[in-house]
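# Structural features, examined
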Amino acid sequence: MLWRRYLSWACSALPVLLSAHIALSSAATAIVAADPPRKSNGLTDVVQWDNYTLFLRDQRIFLHSGEFHTFRLPVPDLWLDIFQKMVAAGLNGVSIYIHMGATNPSRGVIDFNDWRALQPMYDAAKLAGIFIVLRPGPYINAETTAGGIAHWVTSEVAGTLRTNDTDWTAAYEPYIAGIINATVPNQVTHGGPVLAVQIDNEFSQTAAHAAYFAQLEAQYRNGGVVVPLTYNDPGQGRNFINGTGAVDIYGLDSYPQGFDCSNPRNWNPVTTNYHQYHAANNPAQPWYIPEFQGGSFDPWGGPGYAACEVLTGPDFQDVFYKENWASNVKLISYYMLYGGTSWGGFPFPGVYTSYDYGSSIAETRALTPKFDELKRQGLFLRSSPSFRKTDWIGETSTGIPGVTLNGSAAFLTLLNNPDTGTNFLIARQANSTSTANTTFSVQVPTSKGTLTLPQTTGSIALNGRQSKLIITDYPFGAHGSVLFTTASVFFAGTIGSRDVLFLFGDADQSHEFATTLTGTGTRASSSRVHFTKSTAGSGITTLSITPGSKGLITLWDSTTQLVLFADPVTAATFWAPAVKSSTRNTVPGLESFWQFGTNTTVLVGGPNLVRNATISGSTLALRGDLNASVPLTVVAPSAVTAVTWNGAKVAVRREGHGTLTGQLTQSAASKNVKVPKLTGWKFSDSLPEIQPGFDDSSWTVANKTTTNISVKPLTGGPVLYGCDYGFCENNVLFRGHFNGTGSETSIDLTIYGGTQFAASVWINDQFIDTVHNGNDHVSATFTFPAGSVITGQDNVITVLQDNQGNDEDSNEKSARGIAGFLLNGGNITTWKVQGKVGGYTNFPDKVRGVMNEGGLFGEREGWHLPGFDTSNWTTRDLSQGLPSGGAGVGFFVTTFDLDFPKTTDVLLSFQFESTNTQAYRARLFVNGWMFGKRVANVGPQTRFPVPPGILDYSGKNTVAVALWALEDTAVSPSLELSIDGALDGGVGPIATNNPGWASRA
């Protein structure tokens, strides 16, 4: 069926291709093809679609998006920072998971306050000019505990989750109602940023699942959500395209490199059947990939995120992202774009605190080399309306009508815009994993006949893992048109009264393009640049750039036109911020959005980041970040004669017909930022539970006999899962009481905690052992030391368990606690259990939320909170470890002051010792927020970034370390505050919301 469908197109078109070169006329004379009939969900015409793209307010949109989770950056004032960076890279969309478990901590409690609020997210997106695809689950996966499903659900709901079972429905509906209430007034139909809403996440279309999807969809529709509902299929599963539960816009998720960062230079081949899959399954919809690999998670004991960044680095983006273009994908989101931090109890057992993901924006919020490649692609897509509507014509393996490839190592795919006649020929190595260099040439139809490209430079080069676009008949600006180019397009558009074209290419390769140079101007005098009169048509000039030095070259500078060329690194130092300027198509509420609010821009070269730009009279006001002193280059309308940077005037001089140059100087304040040493530690023991006479009368008696958890009790005793008693997150303690007879010799325990958990066991005040085998559970016999059992008295088995979070997918109801026990030679009479104060129904810290704390004694007392009085504690440095030199838990607390300049964005981390060889676990609390979980005998994480807003950059900060020594061996942790970077600029004032200590009696 697939071949017949395209064979008929190719055969009917072939004579036209040969005689008239697919009617590829110049942009000025192109005949606009009729659009296919538009489709909608019948609820609104504001958002429609055809087989090419979405339409928003009657304009085609290429949705170019990245994933960001606000719950992984719980500082609302920093959300604008991430959004501005996305927009600066040319993106127009952000995909956002909302975490049910964070916002719905217990039955009937819906908490969209503080960092869980949706309105600040929507407001920041509108201000930055970025559309939102909202993904509220309830199941989201995301390497988060229970896949985002609230922990209380995993204990209280008997039915099967993510089906139409009535108790599951009753559990999630209030949460979805809260999502709806906040979202309806923020849809694009109301001038808001919400473009679409996703239904659940990555599922199969069984009858029960489909009925669940249908119920979710009905709740959204009945609640007033009218934007398209979407779905992300895990691979090519064909789920929810048709039938019960089908969505408006179907998409698939793809992670072609997988998640093994241990060998980051080993590539999998590109996936080559995306186009065919789309054509066979949902050809009437635009082709959507809601999640395409933007990095990789890293497991406990993994190589670290630096390796994941290499695995999915700029070369991966270059080849794999453009392969998606070749598949005619017109809606795409990269997972992750900014990963952030899985603080507190948010991680699922497979990952550690950092969720950096090797993303384009690092966990610290710094821009990586991947960001540069993303921007090179993003600004091309933003600059190229002709790329929004393309037909897939063919590829090397099946033959491309009218195209001849000379070079067997190359692989080509041709897309054609039927309106403008623009050809986009996407080239890569035939073996996409190859690191060899190769060259090729190609015969391609143009409006001036079939041309062999390149015409003067011999061949087109692919240096190993590289992809390129060879474009013909490309319109730019108001009047410009490129007949062909083998150089890449970075930016194309109109700035002031001039058409501007900015091309780039590797400095060690040759590049060539042909265009009509207009106006009275100046040609480049570089020895690398050659101008020849093209034989393809009158008035067309061919420009060739030979290998040579790096930097910016002004090829043509006239009153009507500016043509620039640079190497990729230099090109990536330029920005094209949207400048608010109303057009006849400006949509109320979307004034900050490119295409829908403004089409005015400038080019700015030099800074680390340009956040926004405004023009008032003759002054261009720029705001952004500097991490070094740099030359400034500005291409602006000719009326602009003055420039300010973050409010300060910059001395500039005019060069040519509208370029301004100057110098931006990094402040001494940001270059000389210092952080204090962490000294003055105070210490207190945090395991009184093992001491004689400890009173656990206020603890919960573990006496339940049934559970909804997936693993049922193994030995017929009471249920000993923390979550069944309200304690679902982080450390949980169990105390088993028995009357000693002298015959008790050991206890057999089966303990579940999730991958890489640990559990320590004591009999009375004597340590027995810690178990940890890397798996999700351990069955072991804990033999009592001689003399440890006290005959005729109450004896206590204390178990300290590290809950690593719940599993995802079908095991969200994960067993976490003691699945089975047997006291050899005796009987346990009572089990008591304790986790965080109040459990999930009555925890006191409503700001930081249900995921922040666990059940360690110090946590229950609030020792980690700012303002707790440690003056009577022992002075003891963290590096000295526990006084006993053995197994146990202790709290170390100190404070320090910060006083950074308000115009400086400092990126900070807490750095433990760099090796992973000591048998301890530690929880790092910063101003009360649990922002690090250190497993020092597993790793890999030793460095824990903490953002402003958690840290107070203009005041006193409290850091607490809950140190759990796992064995009877002394441990010696070290911790220091470390600077990852300091930039002039930043997003603006960052509020803190760090409630202090209050008695928890």
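The residue numbering used here restarts from 1 in each chain and proceeds along that chain's sequence as written. The predicted nature of this model means local features are confined to residues of pLDDT at least 70 and side-chain atom pairs, given and counted, to a pLDDT of 80 or more, with totals for whole chains, interfaces and linings taken over all residues. Derived side-chain values reflect all non-hydrogen atoms in the structure, with water molecules and hydrogen atoms excluded from consideration.

## Remarks on the packing of aromatic side chains
Here is the rule: rings of Phe, Tyr and Trp (six-membered ring for Trp) pair when centre to centre is within 6.5 Å. Planes less than 30 degrees apart are stacked, more than 60 are edge-to-face, and the remainder are tilted. Going through the model one piece at a time under the given rule, you end up with 60 aromatic pairs. Grouping aromatic residues by their ring pairs yields a cluster made of Trp-168, Tyr-172, Phe-203, Tyr-212, Phe-213, Tyr-231, Phe-240, Tyr-250, Tyr-277 and Trp-287. A ring is considered to have a charge above it if a Lys NZ or an Arg CZ atom is located within 6 Å of its centre and within 35 degrees of its normal. Over the face of the ring belonging to Trp-115 we find Arg-116, whose NZ or CZ atom lies 4.8 Å from the ring centre.

## Re the sheet that holds strand S3 (residues 59-61)
Criterion used throughout: strands pair if DSSP finds at least two bridges between them. Helix and strand assignments come from DSSP, with helices taken as H or I runs of at least 4 residues and strands as E runs of at least 2, each series counted from the N terminus. Taken in spatial order, the three strands of this open sheet run S1-S2-S3, and their pairing is antiparallel. Both edges of this open sheet fall to strand S1 (47-49) and S3, since each of them pairs with a single strand only. Within the sheet, the average angular offset between the axes of one strand and its neighbour, ignoring direction, is 40°. Across three bridges, S1 lies against strand S2 (residues 54-56) in antiparallel orientation. Within S2, the position partnered with Val-47 by the bridge is Leu-56. Think of each axis as a best-fit line through the C-alpha atoms, taken over the contacting stretch in the case of a helix, with angles from 0 to 180 degrees between the N-to-C directions.

## Topic: the domain arrangement of the chain
In many reports, interface size means the accessible area that the parts give up when they come together. Just so you know, the domain bounds were taken from an automatic or database domain assignment. Segmenting the chain into domains produces domain 1 (50-383), domain 2 (385-576), domain 3 (688-834) and domain 4 (856-985). Domain 1 and domain 4 are separated by 32 Å when their C-alpha centres are compared. Residue contacts follow a heavy-atom distance rule, with two residues in contact if any of their heavy atoms lie within 4.5 Å. Taken together, the contacts link 21 residues of domain 1 with 21 residues of domain 4. Defined here as a combined quantity, buried area equals the accessible surface (1.4 Å probe) lost by two parts on assembly, summed across both. Across the interface of domain 1 and domain 4, roughly 1,500 Å² is buried in total on both sides, 70% from carbon and sulfur atoms. In what follows, salt bridge is the name for a side-chain nitrogen of Lys or Arg lying within 4 Å of a carboxyl oxygen of Asp or Glu. Counting across the domain 1 and domain 4 interface gives one salt bridge. Residues Arg-365 and Asp-905 are paired through a salt bridge, measuring 2.9 Å at the closest nitrogen-oxygen approach. Only Asp, Glu, Lys and Arg are considered charged in this grouping, and only Ala, Val, Leu, Ile, Met, Phe, Trp, Tyr, Cys and Pro are considered nonpolar; every other residue, Gly among them, is considered polar. Here the side of domain 1 that touches domain 4 is built from residues that sort into ten nonpolar, eight polar and three charged.

## Considerations on helix H11 (residues 369-383)
Taking 1.5 Å as the rise per residue, H11 with 15 residues should run 21 Å; its terminal C-alpha atoms sit 22 Å apart, in good agreement. Only protein chains enter the accessibility calculation, which uses a 1.4 Å probe; a residue is then buried when its area is under 20% of its type maximum, exposed when over 50%, and partly exposed in between. By the criterion of burial, H11 is predominantly enclosed, with 13 of the 15 residues buried. One fewer than the residue count of a helix, multiplied by 1.5 Å, yields its expected span.

## What about the pattern of salt bridges?
For side chains bearing opposite charge, pairing can occur when the charged atoms are close. This model, assessed by the stated rule, comprises 35 salt bridges. When the shortest N-O distance is used, the salt bridge between Arg-653 and Glu-655 registers 3.5 Å. A relative accessible area of 54% places Arg-653 in the exposed class. Exposure remark for Glu-655: the relative accessible area of 35% places this residue in the partly exposed category. Put simply, Asp-81, Lys-85, Arg-365, Arg-611, Asp-625 and Asp-905 are held in one network by salt bridges that share partners.

## Notes on the pairing of strand S5 (residues 93-97)
With five of five residues buried, S5 is to be regarded as a mostly interior element. In S5, alternate side chains face the same way, and those of Gly-93, Ser-95 and Tyr-97 on one face and Val-94 and Ile-96 on the other are all buried. Bridge count for strand S4 (residues 63-68) against S5 is three bridges, and the pairing is parallel. Each residue of the ladder has a partner; that of Gly-66, found in S5, is Val-94. Seen with its strands pointing away from the viewer, a crossover is right-handed when the path leading from the first strand over the helix to the second is clockwise. Following the backbone out of S4, through helix H2 (residues 79-88) and into the adjacent parallel S5, one traces a crossover that is right-handed. Bridge count for S5 against strand S6 (residues 131-135) is five bridges, and the pairing is parallel. Along S6, the bridge assignment pairs Tyr-97 with Arg-135.

## Brief notes about the packing of helix H6 (residues 166-183) against helix H7 (residues 207-223)
Contact geometry of H6 with H7 gives a least axis separation of 10 Å together with a crossing angle of 35°. Crossing of H6 over H7 shows right-handed handedness. Contacts between H6 and H7 involve Trp-168, Thr-169, Tyr-172, Glu-173, Ile-176, Ala-177, Ile-179 and Ile-180 from the former and Tyr-212, Gln-215, Leu-216, Gln-219, Tyr-220 and Gly-223 from the latter. Classifying every residue of the contact of H6 with H7 gives nine nonpolar, four polar and one charged. Handedness of a helix crossing follows the sense of rotation of the near helix relative to the far helix, less than a right angle counterclockwise being left-handed and clockwise being right-handed.

## What about the state of the cysteines?
What counts as a disulfide here is a pair of cysteine sulfur atoms lying within 2.5 Å. The full count for this structure, using the stated rule, is two disulfides. The disulfide partner of Cys-261 is Cys-308, and the gap between their sulfur atoms is 2.1 Å. Between Cys-261 and Cys-308, the disulfide has an S-S torsion of 105° and is therefore right-handed. Within this pair, whereas Cys-261 is found in the loop between strand S9 (249-254) and helix H8 (274-281), its partner Cys-308 is found in helix H9 (residues 305-311), the two being separated by 47 residues in sequence.

## Concerning the nonpolar core
We define a nonpolar core as any set of buried Ala, Val, Leu, Ile, Met, Phe, Trp, Tyr and Cys residues linked to one another through side-chain atoms lying within 4.5 Å. Ranked by size, the top nonpolar core spans 216 residues in total, and within it Phe-83 and Phe-910 carry the most contacts. Phe-734, Phe-738, Ile-818 and Val-833 belong to the second-largest nonpolar core, a separate cluster that totals 34 residues.

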